[in-house]
Amino acid sequence: SGSILTTAPKNVTITFNEGVDPSAARVQLVGGSAKIVPATFSTNAARSTITLTPTKPLPRGMYALRWSVTSADGHVVTGASTFAIGNRGNTGTRVSVTANGPNGKTLTLNTTTGVGTKTFTLTGGSKATGLELRHKRLGATLEIPVANGKASGILPFPGEWNVTVIERVSPYTEERYTAKIALK
């Protein structure tokens, strides 16, 4: 997740910490144009690994992998990850966005407006531990960890992204700050 590859992978594998029900699994690879990439699927004997194999070699570009599975204990697990093949995307211009939190608190999220490889720098969010990013084309939440006020990832789709910054207040409490970023 978040990697820029020089050559296309032959397959993409998702490994879960327990078995999943393959009959209820929904796994899709989506290209930067938001078209689903045709692929075949297989699982390992323990049903904890799903391997997606595109029917044709993947061209250069940005991709999102999204999944929704039912775990062995009956819980539905959803998520997303992104990667690129030989393409960093475009930089765009620098932008600062105010993220609004509880009780009128705010923090600033600095990044660029281009689609592709992104670095997010937080001002005022010293205890931030992660970003949750959502886009209508993604259909799942992309999670990116924050360390020392910075986070890096790939956002493959243009348009509006909803961003939630998670800040750990105590071992048992977190605060959430929300913002929107428009990418070109």
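Residues numbered from 1 in each chain as written. Predicted model: local features only at pLDDT ≥ 70, side-chain atom pairs only at ≥ 80, totals over all residues. Heavy atoms only, no water.

## Section: the pairing of strand β9 (residues 106-112)
Moving on, step 1. Most of β9 sits out of view: five of its seven residues are buried.
Moving on, step 2. Looking at chain direction, strand β8 (residues 94-100) and β9 are connected through seven bridges and run antiparallel. In the sheet register, Asn 100 faces β9, and the bridge partner there is Thr 106.
Moving on, step 3. If you look at the hairpin formed by β8 and β9, you'll find five residues sitting between the two strands, and Asn 103 has a positive phi there, around 55 degrees.
Moving on, step 4. Bridge count between β9 and strand β10 (residues 116-123): three bridges; the pairing is antiparallel. Across the sheet, residue Leu 109 finds its bridge partner in β10, namely Leu 122.
Moving on, step 5. Counted along the chain from β9 to the antiparallel partner β10, the turn is three residues long. (Buried < 20%, exposed > 50% of the residue type's maximum accessible area, 1.4 Å probe, protein only. Helix = DSSP H or I, 4+ residues; strand = E, 2+ residues; numbered from the N terminus. Pairing = 2+ DSSP bridges.)

## So, unusual backbone geometry
Moving on, step 1. Although it is not a glycine, Ala 34 adopts a positive phi angle of roughly 70 degrees.
Moving on, step 2. Among the secondary structure elements, Ala 34 is positioned in the loop between β3 (26-31) and β4 (39-43).
Moving on, step 3. You can call Ala 34 partly exposed: its relative accessible area is 29%.
Moving on, step 4. One non-glycine residue, Asn 148, adopts positive backbone phi at about 55 degrees.
Moving on, step 5. In this structure Asn 148 comes out as exposed when scored by relative accessible area, which is 82%.

## A closer look at the nonpolar core
Moving on, step 1. Among the nonpolar cores identified, the biggest contains 31 residues, and Phe 120, Leu 131, Leu 133 and Val 165 are the most heavily contacted of them.
Moving on, step 2. The residues touching Phe 120, leaving out its near neighbours within four places in the chain, are Leu 109, Asn 110, Thr 111, Leu 131, Leu 133, Gly 149, Lys 150, Ala 151, Leu 155 and Ile 181.
Moving on, step 3. Ranked by size, the runner-up nonpolar core spans 16 residues in total, among them Ile 14, Phe 16, Val 20 and Phe 83. (Core = buried A, V, L, I, M, F, W, Y, C linked by side-chain atoms within 4.5 Å. Contact = heavy atoms within 4.5 Å.)

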